[in-house]
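# Observations on chain architecture
This is what each chain is made of:
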Amino acid sequence: MNFKQSIAAAKDTDLQGVMNVAENVRTYLDKIIESQMFGISHLYQLIQFTKTSIFDGAIIIQPHPNGPDV
């Protein structure tokens, strides 16, 4: 059952039902945040790898500080 259906099925007076929906939402959000943190961690590792390994000794062309048309 998805969250919208769970929320619609829980009655205002059913405290346990509302608590169950809230717990399910919290668990889902925890998993999403954990997944995002995992991705950020791997992105950081990739950035560090490219800084230290691939570009050692390479000349990196920086954009002109006043924009591309100058």
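Figured I'd write up the structure that's included with this text. (Residues numbered from 1 in each chain as written. Predicted model: local features only at pLDDT ≥ 70, side-chain atom pairs only at ≥ 80, totals over all residues. Heavy atoms only, no water.)

What follows concerns the overall build of the protein chain. Broken down by element type, the protein chain carries two helices and zero strands. For the protein chain, the exposed surface amounts to about 6,600 Å²; the carbon and sulfur share of it is 63%. (Helix = DSSP H or I, 4+ residues; strand = E, 2+ residues; numbered from the N terminus. Areas by Shrake-Rupley, 256 points an atom, 1.4 Å probe, with all protein chains shown as cover.)

Enumeration over the complete set of coordinates arrives at two salt bridges. The closest approach of N and O atoms between Asp30 and Arg26, which form a salt bridge, is 2.7 Å. Linking Asp30 with Arg26, this pair stays in helix 2 (residues 15-54), spanning four residues, or about one helical turn. One network of salt bridges, in which partners are shared, links Glu23, Arg26 and Asp30. (Salt bridge = Lys/Arg side-chain N within 4 Å of Asp/Glu carboxyl O.)

In this section: a nonpolar patch on the surface. A cluster of nonpolar residues, Tyr28, Leu29, Ile32, Ile33 and Met37, forms a patch on the protein surface that exposes about 480 Å² of accessible area. Assignment of secondary structure puts Ile33 in helix 2. (Patch = residues over 30% accessible without salt bridge, like charges linked within 9 Å, V, L, I, M, F, W, Y side chains within 5 Å.)

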